Amino acid sequence: MVAFGGWDMPVEYSGITAEHMAVRERAGIFDVSHMGEIEIAGKDALAAVQRISCNDASKLQPGQAQYSGLLTPEGTFVDDLLVYRLAPAHFLLIVNASHIAIDYAHIAQNIAAVGDAVAVDASSRYALLAVQGPRALDVVQPLTGVDLAAIKYYSFAHGEVASVRATISRTGYTGEDGFEILVPPSSADRVWQAVIESGGNVDLIPCGLGARDTLRLEAGMRLHGNDIDDTTTVLEAGLGGIARLAKGDFVGREALVRQKERGVPRLLAGFEMIDRGIARHGYPVRIGGEAAGRVTSGSFAPTLKKNIGLAYVPSRHARPGTRLEVAIRERAAAAVVVPTPFYQRPR
């Protein structure tokens, strides 16, 4: 157990590699109740969400969700988040645990002039459990009357899980199929135990922060505070697909338009190690003997049996095949830029 975002969180239960491979091959359950939930409602709720997020929430129908960014005026990240459209004028934003207060203050300030819309920090009303892996549907379906197979990726439905009212979304942070289940905190233990019991037939196991990190890194998913923060723009992070510049004004849009016109100076690149050693967060990166950046995330990838990582490098050096050197304890270790995501689940 470790302190994380004001919570005591499990790093591992039975071992990071065992938990990682359970999710890749069968199923695992994560308690991610530390995540924050902010609701925005009112006649002008859509306009408010459009103002504070860079993706285009007008494309969402009730029952759909999208990945988005909460940006500074400089086009850098206050946070990344999921936007759920609960109803035409009611949205739920799921944000990172360590940034709940910061995000809420940022949102409240930036929607003040929008009109009839109010933001509420509803984090205390939600617990969040994630069941991930190719057998996730087999585990959760016996516990609910909701037709889980009918829920499309990045969509959600309301119903009951283990006789507890729940919102079930087909989302996750692992690169696998799976479901994230929002329930009242007082019932979270009941749902957790029901999932553990139902998952017995597929050898589901509990998973902690360690496996969550290695799984998301293999899938090329960014970690706020490491790969993206208030010094990195959406375009630099390789997330231009969520910056819908054509939708109209939003916080950070002007800066992104300028950067796109001038050219993006650096990009987040994936790499795998050629020499032995794991490239950890903060390790210097050199290209041709010259300083080029720093590692933002790095780990052994249990699925791939390789050491992989992410680093910001000058854009001209972000092409697959580019050779890098990572300073691992003052030793220059060879690496090569590769396409991301490192891992994609079989379809």
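Everything that follows concerns the structure shown earlier in this document.
These numbers come from a predicted model, not from an experiment. (Residues numbered from 1 in each chain as written. Predicted model: local features only at pLDDT ≥ 70, side-chain atom pairs only at ≥ 80, totals over all residues. Heavy atoms only, no water.)

Chemist: Outline the pattern of salt bridges, supporting the account with residue identities and numerical values.
Modeler: Inspection of every chain in the model, using the stated rule, returns 12 salt bridges. The salt bridge involving Glu 25 is made with Arg 26; its shortest N-O contact spans 3.9 Å. Residue Glu 25 is classed as partly exposed on the basis of its relative accessible area, which comes to 49%. Note that Asp 138 is salt-bridged to Arg 135, the shortest N-O span being 2.6 Å. According to the relative accessible area criterion, Arg 135 is partly exposed, its value standing at 36%. Sharing partners across several salt bridges, the network here consists of Arg 24, Glu 176 and Glu 218. (Salt bridge = Lys/Arg side-chain N within 4 Å of Asp/Glu carboxyl O. Buried < 20%, exposed > 50% of the residue type's maximum accessible area, 1.4 Å probe, protein only.)

Chemist: Residue-level account of helix H2 (residues 45–52), with values.
Modeler: Among the residues of H2, Ala 45, Ala 48, Val 49, Gln 50 and Ile 52 are the ones counted as buried. Those residues of H2 hidden inside the fold are in contact with strand S4 (36–41), strand S5 (65–71), strand S6 (77–87), strand S7 (90–95) and helix H3 (100–111). (Helix = DSSP H or I, 4+ residues; strand = E, 2+ residues; numbered from the N terminus. Contact = heavy atoms within 4.5 Å.)

Chemist: Describe a positive patch on the surface, with residues and values.
Modeler: Together, Arg 276, Arg 280, Arg 329 and Arg 331 make up a region of like positive charge exposed at the surface. In this fold, Arg 329 is placed in the loop between strand S18 (323–328) and strand S19 (331–338). (Patch = residues over 30% accessible without salt bridge, like charges linked within 9 Å, V, L, I, M, F, W, Y side chains within 5 Å. Areas by Shrake-Rupley, 256 points an atom, 1.4 Å probe, with all protein chains shown as cover. Lys, Arg positive; Asp, Glu negative; His and termini not counted. Charge placed at Lys NZ, Arg CZ, Asp CG, Glu CD.)

Chemist: Let's hear about the packing of aromatic side chains: which residues, and what values?
Modeler: Summed over the entire model, instances satisfying the criterion amount to 3 aromatic pairs. On the numbers, 4.9 Å between centres and 85 degrees between planes, the contact of Tyr 153 with Tyr 154 is edge-to-face. Using a relative accessible area of 21% as the deciding quantity, one classes Tyr 154 as partly exposed. Over the ring of Tyr 343 we find Arg 24, and its NZ or CZ is 4.0 Å from the ring centre. (Phe/Tyr/Trp six-rings, centres within 6.5 Å; stacked < 30°, edge-to-face > 60°. Lys NZ or Arg CZ within 6 Å of the ring centre and 35° of its normal.)

Chemist: Please set out the packing of helix H1 (residues 16–25) against helix H6 (residues 209–218) residue by residue, giving values where relevant.
Modeler: At their nearest, the axes of H1 and H6 sit 8 Å apart, and the two run at 50 degrees to each other. With respect to their mutual orientation, H1 and H6 come out oblique. Where H1 crosses over H6, the two elements pack in a sense that is right-handed. Contact residues: H1 offers Ile 16, Glu 19, His 20, Val 23 and Arg 24, while H6 offers Gly 210, Ala 211, Thr 214, Leu 215 and Glu 218. Here the contact of H1 with H6 is built from residues that sort into 4 nonpolar, 3 polar and 3 charged. (Axes fitted to C-alpha atoms, helices over the stretch in contact; angles between N-to-C directions. Parallel < 35°, antiparallel > 145°, perpendicular 65-115°, else oblique. Left-handed = near helix turned anticlockwise from the far one by under 90°. Nonpolar A, V, L, I, M, F, W, Y, C, P; charged D, E, K, R; others polar.)

Geometric values such as these leave the question of function open.
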